[in-house]
Amino acid sequence: MIRRQRLAAGVCALLAALTAGLAFPAGAVADETEQASPKVELVLDVSGSMRTRDIDGGTRMAAAKQAFNEVLDATPEEVRLGIRTLGANYRGNDRKEGCKDTEQLYPVGPLDRTDAKTAVATLSPTGWTPIGPALLKAAGDLNGGDGTRRIVLISDGEDTCQPLDPCEVAREIAAKGIGLTIDTLGLVPDAKTRDQLSCIADATGGTYTSVQHKEELSDRVGQLVDRAADPVVTPVATRGADRCEQAPALKSGLYTDREEFGQQRWYKVDVEPGQELRASVSVADDRAVNPHYGVLLRAVTLHGREIVRGEAAGTGRTDVISTGLRYPTAESDDDSAPAETVCLQVTQSFSAAAGVKTTPGLPLELTVDVVDGPTGHRDVAAFGLGRGWWLLGVLVLIGFVAGLLWGWLSRWRVAVWRTN
């Protein structure tokens, strides 16, 4: 009887598997997975200036190769990664030919780490800097699919193939509405290079980072590749007000705004009893600014009383400065208790360097999250040091008891010794 039941169960399982196979063909599932896979193309400047030895005692090219090897080792399995070069092949002086010098070194797709590393190892600084043509080709390499698409451009100089302005190329790519982001990394702290690479990143909603050390380069490229695998969150453009009463009401989400130098912007959030407000803000210096700056995020009541604040300061070493805060509200036994309106004030103390335009304002990114608040004394903030006090009391008690036992044993041993 038991054997018959097992046989019947096996037949049912087999029929279920066959039915699932007919309903969802393997090819269709694979195609859906492929379409949803995030794609990243690393675009590397291999022009002659990459021979310069000014990054931790080595050449810029050596730093880039080391960063690529480390990033290839850590690339998530779901990311489809490719590599494109610019200025890697043509050694002559013909500008027209030099501006065509871009090729796909490794195709965008499932990553074979050994093949990709071998391809990068063969690179040698050679020619021109056709950034614009390389970006156009890279955008074509990432066509197709529904996943996130990101270009990470690493360069040490300005484009040498004008009038094809790489900033205009980035704007054209953004205007196509294909959801492609370009992040740029500059290996030289040069004003013209920074301005051009910042413009490229801004046009597509990407980021610009100035890099002067090998570890910084590896870490930043790795972060950008990992970011491609994160779920896509589309920020919502908003405009803060000069006073809380006029501020836009925000819900949980990601918001972007622009803030003039030294300006204050207000936003407001409704928090139900028993919920917790978590907010963070990041302000990017997308142009030359004076060192020593800060950002302040305050949670304030409608009557102007400060509830909690978060603040951070910088000295010019980073391109983004961030801070955050948490505010848990008390639970209420009255189900009809109204929500509390919390005013969020964002203030930054950036100042523009000489000759730098102050408009438009600095890009600001605000994250708002309203979640269920902590219950009882499980929240550390609500209970001082939390369970640390209990642990300290237990340790004191154990020490006291151990001291008494040790003293009693010592006296007993001395008494026995004297008796004998």
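Everything quoted here is computed from the prediction, not taken from an experiment.

Asks: What is the right way to read the overall build of the protein from this model?
Replies: Along its length, the protein carries 10 helices and 18 strands. Long-range contacts, defined here as pairs at least 24 residues apart, represent 75% of the contacts in the protein between residues at least 6 apart. Accessible surface computed for the protein: about 23500 Å², of which carbon and sulfur atoms make up 55%.

Asks: How should I be thinking about the state of the cysteines in this particular structure?
Replies: By definition, a disulfide links two cysteine residues through a covalent bond between their sulfur atoms. As enumerated under the stated definition, the model contains 3 disulfides in all. Here Cys-99 connects covalently by a disulfide to Cys-161, the sulfurs 2.0 Å from one another. On the S-S bond that ties Cys-99 to Cys-161, the torsion sits near -100°, and the link is left-handed. Linking Cys-99 in the loop between helix H4 (95–98) and strand E5 (102–109) with Cys-161 in the loop between strand E6 (149–155) and helix H7 (166–175), this pair joins segments that are 62 residues apart in sequence.

Asks: Help me understand the nonpolar core in this model?
Replies: One recurring pattern in soluble globular proteins is that nonpolar side chains are buried together. In terms of nonpolar packing, the biggest core is built from 32 residues, with Leu-44 and Leu-217 touching the most fellow members. No other element matches the 7 residues that helix H3 (residues 60–74) contributes to this core. Apart from the residues within four sequence positions on either side, Leu-217 is in contact with Ala-63, Ala-64, Ala-67, Ile-154, Leu-185, Leu-187 and Val-211. In this structure, Leu-250, Ala-279, Val-295 and Val-368 belong to the second largest nonpolar core, which totals 26 residues.

Asks: Whenever I open this one, the packing of aromatic side chains confuses me. Can you help?
Replies: Given two aromatic rings, their pairing is described by the distance between the two centres and the angle made by the two planes. By the definition in use, this model includes 1 aromatic pair. Between Tyr-293 and Phe-350, the aromatic rings sit 4.3 Å apart at their centres with planes inclined by 20°, giving stacked as the arrangement. Pair noted here: Tyr-293 is in strand E14 (residues 293–300) and Phe-350 is in the loop between strand E17 (340–348) and strand E18 (362–372), with a separation of 57 residues, a long-range link. Here Tyr-293 matches Phe-350 in class, with each residue buried.

Asks: Teacher, can you tell me more about the environment of Val-40 here?
Replies: By the element assignment, Val-40 lies in strand E1 (residues 39–45). Residue class for Val-40 comes out buried when judged on its relative accessible area of 0%. On a C-alpha basis, the gap between Val-40 and Val-108 in space is 7.4 Å, while along the polypeptide they are 68 residues apart. Residues contacting Val-40, with those up to four places away along its chain left out, are Val-79, Arg-80, Leu-81, Gly-82, Leu-142, Arg-150, Val-152, Val-225 and Ala-228.

Asks: I tried to follow the sheet that holds E6 on my own but got confused; where do I start?
Replies: Pairing between the strands of a sheet comes from backbone hydrogen bonds, and it takes one of two forms, parallel or antiparallel. Read across the sheet, 6 strands follow the order E5-E4-E1-E6-E7-E8 without closing on themselves; strand pairing throughout is mixed. The open sheet has two edge strands with one neighbour each: E5 and strand E8 (208–210). Averaged over neighbouring strand pairs, the angle between their axes works out to 15° when direction is ignored. For E1 and strand E4 (residues 80–86), the ladder comprises 7 bridges, and the chain directions are parallel. In the sheet register, Lys-39 faces E4, and the bridge partner there is Arg-80. Of the strands in this sheet, E1, E4, E6, strand E7 (180–186) and E8 touch helix H9 (residues 214–228), which is tilted by about 165° from E6.

Asks: Would you mind showing me how to read the confidence of the model for the protein here?
Replies: Note that predicted coordinates carrying low pLDDT should not be read in detail. On average, residues of the protein score 82 in pLDDT, and 85% of them reach the 70 mark or higher. Residue range residues 376–387 is modelled with pLDDT below 50. Its contacts to residues more than four positions away, or to other chains, number 6 contacts.

Asks: Sorry if this is basic, but what is going on with H9 here?
Replies: Residues separated by three or four positions in an α-helix point in the same direction, a consequence of the helix having 3.6 residues per turn. Across its 15 residues, H9 extends 22 Å between first and last C-alpha, which sits within 8% of the 21 Å expected from 1.5 Å per residue. For H9, the full list of buried residues reads Leu-217, Ser-218, Arg-220, Val-221, Gly-222, Leu-224, Val-225 and Ala-228. Contact partners of the buried residues in H9: E1, H3, E4, E6, E7 and E8.

Asks: Explain the pairing of E18 to me, please; I cannot follow it from the model alone.
Replies: Successive side chains on a regular strand alternate, one facing one side of the sheet and the next facing the other. Pairing analysis gives 7 bridges linking strand E11 (residues 253–259) to E18, with the strands arranged antiparallel. Across the sheet, residue Tyr-255 finds its bridge partner in E18, namely Leu-366. For strand E13 (residues 275–284) and E18, the ladder comprises 9 bridges, and the chain directions are antiparallel. Paired with Ser-280 across the strands is Thr-367, a residue of E18.

Asks: Help me out: how do you make sense of a negative patch on the surface in this one?
Replies: Taken together, the side chains of Asp-56, Glu-70, Glu-215, Glu-216 and Asp-219 present a region of like negative charge at the surface. Of the residues forming the negative patch, the biggest block, 3 residues, is contributed by H9. Tracing the backbone through its elements, the reader meets Glu-70 in helix H3. What makes Glu-70 partly exposed here is its relative accessible area of 40%.

Cut-offs and rules
- Residues numbered from 1 in each chain as written.
- Predicted model: local features only at pLDDT ≥ 70, side-chain atom pairs only at ≥ 80, totals over all residues.
- Heavy atoms only, no water.
- Helix = DSSP H or I, 4+ residues; strand = E, 2+ residues; numbered from the N terminus.
- Contact = heavy atoms within 4.5 Å.
- Areas by Shrake-Rupley, 256 points an atom, 1.4 Å probe, with all protein chains shown as cover.
- Disulfide = S-S within 2.5 Å.
- Core = buried A, V, L, I, M, F, W, Y, C linked by side-chain atoms within 4.5 Å.
- Buried < 20%, exposed > 50% of the residue type's maximum accessible area, 1.4 Å probe, protein only.
- Phe/Tyr/Trp six-rings, centres within 6.5 Å; stacked < 30°, edge-to-face > 60°.
- Pairing = 2+ DSSP bridges.
- Axes fitted to C-alpha atoms, helices over the stretch in contact; angles between N-to-C directions.
- pLDDT = per-residue confidence, 0-100.
- Expected span 1.5 Å × (residues − 1).
- Patch = residues over 30% accessible without salt bridge, like charges linked within 9 Å, V, L, I, M, F, W, Y side chains within 5 Å.
- Salt bridge = Lys/Arg side-chain N within 4 Å of Asp/Glu carboxyl O.
- Lys, Arg positive; Asp, Glu negative; His and termini not counted.
- Charge placed at Lys NZ, Arg CZ, Asp CG, Glu CD.

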